[in-house]
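Architecture and fold: a report
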Amino acid sequence: MNKSWQQQLWGGLFLSLAAAIWGGVYVVSKVVLEVIPPFTLLEIRFTIALLVLGTFVAMKREYAARRDFPQFILIAFIGITISIGTQFLGTKLSTAHMGALITSASPAFIALFAVWILREKLHLRQVTGIGLATLGVLVVIGVPDERDVGSSLAGNLILLVAAVSWALYTVLSKRATSQYSSLTVTTYVSFFGLILTSPVMLWELSVTPINWQWGWGIWAGVLYIGVVSTAGAFYLWNKGFELLQAGSGAGFFFIQPVVGALLGWLLLGEYLSLGFFLGAGLILLGVGLSNWQGSANRSEGAS
């Protein structure tokens, strides 16, 4: 197996794991947000993640130069303060159904930002793959009815901001991994994200008092969000894009709704229709098609 195929395999595996982990976040965060307001949960989440990631950075002594701090601050503001903050806020105001549908637009924006910022070439197979995977998402979660659409216009618009800003965060992080390891990028972004989001959290707590006496379920949810879905999945996501072209890796984001639906069936006894399996097949076909083109591009570049 040549180096190009190894990168493709490992990159796909890392992105698949990250998306699978995030597939359970909507269910967990919906429960936790009933007790902890959005930006306070965001701060707790990245405090836990920074403790985990910072330990590894200190052990490996992978420190960033101060001249590159503005780059990390920009990525943190877009990816944490704006994207994750609006994701939590939008999920709280809208429905889980609309949350899954609107945020599934991120791969298309990732591909567009990759062309604009990274100067990647977007090929027909990548566009077709993203289109097939998007169709698969619609088949899996269904087209929203009038109750979903009218649930909260503000919440739905906020979720759209989350989708666009997440795409921009992904592409900017990929550019940063050309200078530093994914571990270093994720750690410094978490650090600056904490600082940038602190004023919003303090304001939020001043207008939304919370009860800090949580049950074990809330503590478990907070730890899952902080350790697994933030420290672990953010690192895996950045590492995956370090190995793959952004246009090829974008489609792995679509694994989220598939895993979310499977967890709903496994943990909540929700019904899986024939449409789920058809949609999942379209998603896998779309991801494979996108990455088939990515492999071809690498082979051409290596020759």
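The structure reproduced in this document is the subject of the present report. (Residues numbered from 1 in each chain as written. Predicted model: local features only at pLDDT ≥ 70, side-chain atom pairs only at ≥ 80, totals over all residues. Heavy atoms only, no water.)

**Notes on the packing of aromatic side chains**
To be explicit about the condition: In summary, the pairing rule links any two rings of Phe, Tyr or Trp, Trp by its six-membered ring, whose centres are within 6.5 Å, and it sorts them by plane angle into stacked for under 30 degrees, edge-to-face for over 60 and tilted for everything else. The secondary structure listing takes helices from DSSP runs of H or I that are at least 4 residues long and strands from runs of E that are at least 2 residues long, numbered from the N terminus. Throughout this description, buried means an accessible area under 20% of the type-specific maximum (1.4 Å probe, protein chains only), exposed means over 50%, and partly exposed covers the range between.
In this structure the tally under the stated criterion is 19 aromatic pairs. For the pair Phe-72 and Tyr-180, a centre-to-centre distance of 5.7 Å together with 50° between the ring planes defines the contact as tilted. Taken as a pair, Phe-72 in helix H4 (residues 69-93) and Tyr-180 in the loop between helix H9 (153-176) and helix H10 (182-207) lie far apart in primary sequence, 108 residues in all. Neither residue differs from the other here; Phe-72 and Tyr-180 are each classed as buried. In textbook terms, an aromatic cluster arises when at least three aromatic residues are bridged by ring pairs, as seen for Trp-22, Phe-46, Trp-166, Tyr-169, Phe-234, Trp-237, Phe-241 and Phe-253.

**Description of the environment of Val-28**
Just so we agree on the cut-off: We call two residues in contact whenever any of their non-hydrogen atoms come within 4.5 Å of each other.
In this structure, Val-28 sits in helix H2 (residues 25-32). Relative accessible area serves as the criterion here: at 22%, Val-28 is assigned to the partly exposed category. C-alpha separation for the pair Val-28 and Ala-220, spaced 192 residues apart in sequence, amounts to 9.4 Å. Ignoring any residue separated from it by four or fewer positions in sequence, one finds Val-28 in contact with Gly-221, Tyr-224 and Ile-225.

**Topic: the nonpolar core**
Heads up, the rule is: For this analysis, a nonpolar core means a set of buried residues of the types Ala, Val, Leu, Ile, Met, Phe, Trp, Tyr and Cys, connected via side-chain atoms within 4.5 Å.
Grouped together as the largest cluster of nonpolar side chains are 69 residues, with contacts concentrated most on Val-222 and Trp-237. In terms of residue count, the dominant contributor to this core is helix H11 (residues 216-243) (9 residues). Excluding its chain neighbours within four sequence positions, the residues that come into contact with Trp-237 are Leu-15, Ala-18, Trp-22, Ile-110, Trp-166, Thr-170 and Phe-253.

**Considerations on a nonpolar patch on the surface**
Spelled out, the test is: Each patch is built from residues lacking any salt bridge and having more than 30% relative accessible area; the joining distance is 9 Å for like charges and 5 Å for nonpolar side chains (Val, Leu, Ile, Met, Phe, Trp, Tyr). For the accessible areas, the method is Shrake-Rupley and the probe is 1.4 Å, while residue cover comes only from the protein chains on display. Any carboxyl oxygen of Asp or Glu within 4 Å of a side-chain nitrogen of Lys or Arg constitutes a salt bridge here.
A surface patch of nonpolar side chains, about 310 Å² in accessible area, is lined by Leu-112, Val-115, Leu-122 and Val-127. Considering the arrangement of structural elements, one finds Leu-122 in the loop between helix H6 (106-117) and helix H7 (124-141).

**Brief notes about the pattern of salt bridges**
For the structure on display, the rule yields 2 salt bridges. For Glu-242, the salt bridge identified is with Lys-239, shortest N-O distance 3.7 Å. Pair noted here: Glu-242 and Lys-239 are both in helix H11, with a separation of 3 residues, about one helical turn. The exposure class assigned to Glu-242 is partly exposed, which follows from its relative accessible area of 28%.

**Observations concerning the packing of H6 against H9**
Put simply, the test is: For helices, the axis comes from a line fit to the C-alpha atoms of the stretch in contact; other axes are also lines fit to C-alpha atoms, and the angle between any two N-to-C directions lies between 0 and 180 degrees. Any angle that falls under 35 degrees is termed roughly parallel, while one over 145 is termed roughly antiparallel, one within 65 to 115 roughly perpendicular, and all others oblique. Handedness of a crossing follows from how the near helix is turned relative to the far one, being left-handed for an anticlockwise turn of less than a right angle and right-handed for a clockwise one. Polar here means any residue other than Ala, Val, Leu, Ile, Met, Phe, Trp, Tyr, Cys and Pro, which are nonpolar, and Asp, Glu, Lys and Arg, which are charged; Gly is therefore polar.
The N-to-C vectors of H6 and H9 enclose an angle of 45°; their axes lie 8 Å apart at closest approach. The angle between H6 and H9 places the two elements in the oblique class. The element H6 and its partner H9 pack so that their crossing is right-handed. Here Ser-106, Phe-109, Ile-110, Phe-113, Ala-114 and Ile-117 of H6 lie close against H9, whose contacting residues are Ala-163, Val-164, Trp-166, Ala-167, Leu-168, Thr-170, Val-171, Leu-172 and Arg-175. Its residues assigned to classes, the contact of H6 with H9 shows 12 nonpolar, 2 polar and 1 charged.

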